Amino acid sequence: MYRAKEIKETENPKIFSIVRMLTQNANLPMPKIYYINTPMPNAFATGRNPEHAAVAVTSSILKF
């Protein structure tokens with residue numbers, strides 16, 4: 001729907017570091033991280049359970 005693209009840690013280590021810290025503090029598995037190219041700032045998590053979770057961030061969020 002949003003044409004999100006999965007990103008790898010080598011592409012954006014900063015966002016992976018933030019998500020890893022949060023998941024470790026919550027004792028959850030690391031989710032996949034997706035990028036959405038849009039100027040509207042937004043970030044959200046989705047998934048039916050922790051093992052099938054995903055986090056999506058927009059391009060404007062990644063500029064900060």
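See the structure shown above.
Quick summary incoming for the structure in this document. None of the values given here were measured: they were computed from a predicted structure.

What follows concerns unusual backbone geometry. Despite not being glycine, N27 has its phi angle at roughly 60°, a positive value. Secondary-structure assignment places N27 in the loop between α1 (13–25) and β2 (32–36). The exposed category is assigned to N27, whose relative accessible area is 71%.

This part is about the nonpolar core. Within the largest apolar cluster, 7 residues are counted, these being I7, I15, F16, V19, I33, V55 and V57. Taken together, the elements giving at least two residues each to this core come down to α1 and β4 (54–58). Broken down by element, this core gets its largest block of residues, 3 residues, from α1.

With 13 residues, α1 should reach 18 Å at 1.5 Å per residue; the first-to-last C-alpha distance of 18 Å fits that figure. Within α1, burial applies to I15, F16, V19 and T23. Down the axis of α1, the sector holding all buried residues measures 95°, keeping them to one side. Away from the buried face of α1 by more than 90 degrees, exposed residues K14, Q24 and N25 are located. The secondary structure elements touched by the buried residues of α1 are β2, β4 and α2 (59–62).

About the thresholds
- Residues numbered from 1 in each chain as written.
- Predicted model: local features only at pLDDT ≥ 70, side-chain atom pairs only at ≥ 80, totals over all residues.
- Heavy atoms only, no water.
- Helix = DSSP H or I, 4+ residues; strand = E, 2+ residues; numbered from the N terminus.
- Buried < 20%, exposed > 50% of the residue type's maximum accessible area, 1.4 Å probe, protein only.
- Core = buried A, V, L, I, M, F, W, Y, C linked by side-chain atoms within 4.5 Å.
- Expected span 1.5 Å × (residues − 1).
- Arc of directions from axis to C-beta.
- Contact = heavy atoms within 4.5 Å.

Everything listed here is a matter of geometry and, on its own, says nothing about what the molecule does.
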